[in-house]
Amino acid sequence: MMKKVAIVVTDLVEDVEFVDPVKAIRDAGHDVTVIGFEKTTVTGKHGTAIMIDRSIAEVNPEDFDALYIPGGFSPDQLRADNRFVAFTRHFLMTNKLIAALCHGPQLMIQTGLVHGRTMTSYLTVQPDLYYAGARVCDQPVVIDGNLITSREPKDIPAFNQALVAALAK
C-alpha cells in the first residue's frame, strides 16, 4: 500500500542524505512531498538543487503517513521555526513513522519528546540526544517503535532498508 511521506528540508541539507533515501522511498512506490519554508528551490551542501513541493504553511501533518528528516545543516535551521517543530511533534505524539539521519534528530530534540527514546545520530549530535533524555546507541540504524534513526552517510544503505521495510507495514 502506497504511503504519503513528508520530507522537511531547507538549504544546506546533506545532499546524499536527501537524494538516496528519497529515491529508495519513491522506488518502493510511495508518494513523497518535499516541504520547506517556501515553495521554491533550495540547495544542498554540495550543490544539489531540491524543489520544494509545498511550504510548511500549506501542509497538515495529518495528511501524511510518515516523516523523514535528512541531515546536514538543514535540521538546525528548521528547528528554529515552531511550525516545523509542531509538524514533527505530531508524528512523535501519534506514533506515525518518523525517520531521521545524521543531524536530523536535532529537529526531534526541539519537540521535547525524545526523552526515554532509543536513538542514534551523527557523533556531535549524540550528546544533545543524551542531555535531552534519549538512550543513545552508536550503531548504523536504531529502531524504537515508530522511530528510525541513523548516524551518517555511510549508513544510508542500512537506513534505506529499514525505512522501506517500515513503510511496507
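Residues numbered from 1 in each chain as written. Predicted model: local features only at pLDDT ≥ 70, side-chain atom pairs only at ≥ 80, totals over all residues. Heavy atoms only, no water.

Q: What is the right way to look at the overall build of the chain in this model?
A: Across its full length, the chain carries six helices and eleven strands. Its C-alpha radius of gyration of 14 Å places the chain within 12% of the 15 Å reference for a compact globule of 169 residues. Each principal axis of the C-alpha distribution contributes one length, and for the chain these read about 35 × 35 × 30 Å. Per-residue burial over the chain gives 54% buried out of 169 residues. In the chain, once contacts between residues fewer than 6 apart in sequence are set aside, the share between residues at least 24 apart is 63%. (Helix = DSSP H or I, 4+ residues; strand = E, 2+ residues; numbered from the N terminus. Rg over C-alpha atoms; globule rule 2.2 N^0.38 Å. Buried < 20%, exposed > 50% of the residue type's maximum accessible area, 1.4 Å probe, protein only. Contact = heavy atoms within 4.5 Å.)

Q: Which parts of the structure should I look at to understand helix α1 (residues 15–27)?
A: Each turn of an α-helix holds 3.6 residues, which means side chains three or four residues apart point in the same direction. The end-to-end C-alpha distance of α1 is 18 Å, a good match for the 18 Å that 13 residues give at a rise of 1.5 Å each. Where α1 is concerned, the buried positions are D15, E17, F18, P21, V22, A24 and I25. The inward-facing, buried residues of α1 contact β1 (4–8), β2 (31–36), β4 (49–51), β6 (66–69), β7 (97–101) and α6 (156–167). The positive-phi residue at the C-terminal boundary of α1 is G29, with phi of around 95°. (Expected span 1.5 Å × (residues − 1).)

Q: Got a minute to help me understand the packing of aromatic side chains in this structure?
A: The description of two aromatic rings rests on the distance between their centres and on the angle between their planes. Applying the stated rule across the entire model yields five aromatic pairs. On the basis of an interplanar angle of 50° and a centroid distance of 5.4 Å, the ring pair of F87 and F91 is categorised as tilted. Residue F87 and its partner F91 are both found in helix α3 (residues 82–93); the two are separated by four residues, about one turn of the helix. For the pair F87 and F91, a shared accessibility class is recorded, and that class is buried. Of the aromatic side chains, those joined through ring pairs into one cluster are F64, F87 and F91. (Phe/Tyr/Trp six-rings, centres within 6.5 Å; stacked < 30°, edge-to-face > 60°.)

Q: Even after reading the chapter, I still don't get the side chain of T111, so can you show me in this structure?
A: Along the chain, the position of T111 falls in the loop between α4 (105–109) and β8 (118–119). A relative accessible area of 7% means that T111 is categorised as buried. At 2.6 Å, the side chain of T111 forms a polar contact with the backbone oxygen of M108. (Polar contact = N/O pair within 3.5 Å; in protein donor to acceptor, adjacent residues only side chain to side chain.)

On their own, these measurements won't tell you what the molecule is for.
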